[in-house]
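# Architecture at a glance
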Amino acid sequence: DTLVWLHLPWRTSFWRLFWRSVSRAMTREPLYHEKGPRESWRLLFMSRKSILWWSISHHGGHIRNTRERIAALPPSVRVHELRSPQDVMVFLAAV
């Protein structure tokens, strides 16, 4: 078995999330399907339910939780921790 952990730096994932969310708020693009919810400026910047706020407040706990779960895996599981976009490209080229 193999586990691939896409563990990009927080600044990388946050900026991707930020620009994707701002773009969706500007274009009113649906999040999931045509009749589904849409990103709003209010929800994005003024709400405790903001995906941006969630990213800021949950990042550290998510990393600790993931590391604990990986440590509990059987030794037979190969773990690939990809820490940069370059790591991802190298890994994908190798598989």
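What this report covers is the structure whose coordinates are included nearby.

Thresholds, definitions, all that
- Residues numbered from 1 in each chain as written.
- Predicted model: local features only at pLDDT ≥ 70, side-chain atom pairs only at ≥ 80, totals over all residues.
- Heavy atoms only, no water.
- Helix = DSSP H or I, 4+ residues; strand = E, 2+ residues; numbered from the N terminus.
- Buried < 20%, exposed > 50% of the residue type's maximum accessible area, 1.4 Å probe, protein only.
- Salt bridge = Lys/Arg side-chain N within 4 Å of Asp/Glu carboxyl O.
- 1 Å grid on protein atoms, 1.4 Å probe; cavity = no way out; pocket = protein on both sides within 12 Å on 5 of 7 lines; lining within 4 Å.
- Points joined across faces, edges and corners; volume = space filled by probe spheres on them.
- Nonpolar A, V, L, I, M, F, W, Y, C, P; charged D, E, K, R; others polar.

### Thoughts on unusual backbone geometry
Outside of glycine, negative phi angles account for most residues, and trans bonds account for most peptide bonds. One non-glycine residue, Arg-28, adopts positive backbone phi at about 60°. Assignment of secondary structure puts Arg-28 in the loop between α1 (10-27) and α2 (41-46). A relative accessible area of 41% places Arg-28 in the partly exposed class.

### What to know about the pattern of salt bridges
Side-chain pairing between opposite charges can occur once the charged atoms of the two side chains come close. Scanning the model with the defined rule gives 3 salt bridges in all. In this structure, the salt-bridge partner of Glu-81 is Arg-67, at a minimum N-O distance of 3.3 Å. Of the two residues, Glu-81 is situated in strand β2 (residues 78-82) and Arg-67 in helix α3 (residues 51-71); the sequence distance between them amounts to 14 residues. The partly exposed category is assigned to Glu-81, whose relative accessible area is 29%. Given a relative accessible area of 40%, Arg-67 falls into the partly exposed group. As a salt-bridge pair, Arg-83 and Glu-81 come within 3.3 Å of each other at their nearest N and O atoms. We classify Arg-83 as partly exposed; its relative accessible area is 39%.

### Regarding the layout of surface pockets
Reported here for the largest pocket is a volume of approximately 400 Å³. In terms of lining, the largest pocket is formed by 16 residues, of which the most central are Ser-13, Trp-54, Ser-55, His-59 and His-62. Looking at the lining of the largest pocket, the elements with two or more residues in it are β1 (2-6), α1 and α3. For the lining of the largest pocket, the leading source of residues is α3, giving 7 residues. Counted by class, the lining of the largest pocket contains 8 nonpolar, 6 polar and 2 charged residues. Considered as a void within the structure, the second largest pocket measures approximately 150 Å³ in volume. Contributing to the lining of the second largest pocket are 13 residues, with Leu-31, Tyr-32, Glu-39, Leu-43 and Ile-51 lying nearest its centre. Partitioned by chemical class, the residues of the lining of the second largest pocket number 6 nonpolar, 2 polar and 5 charged.

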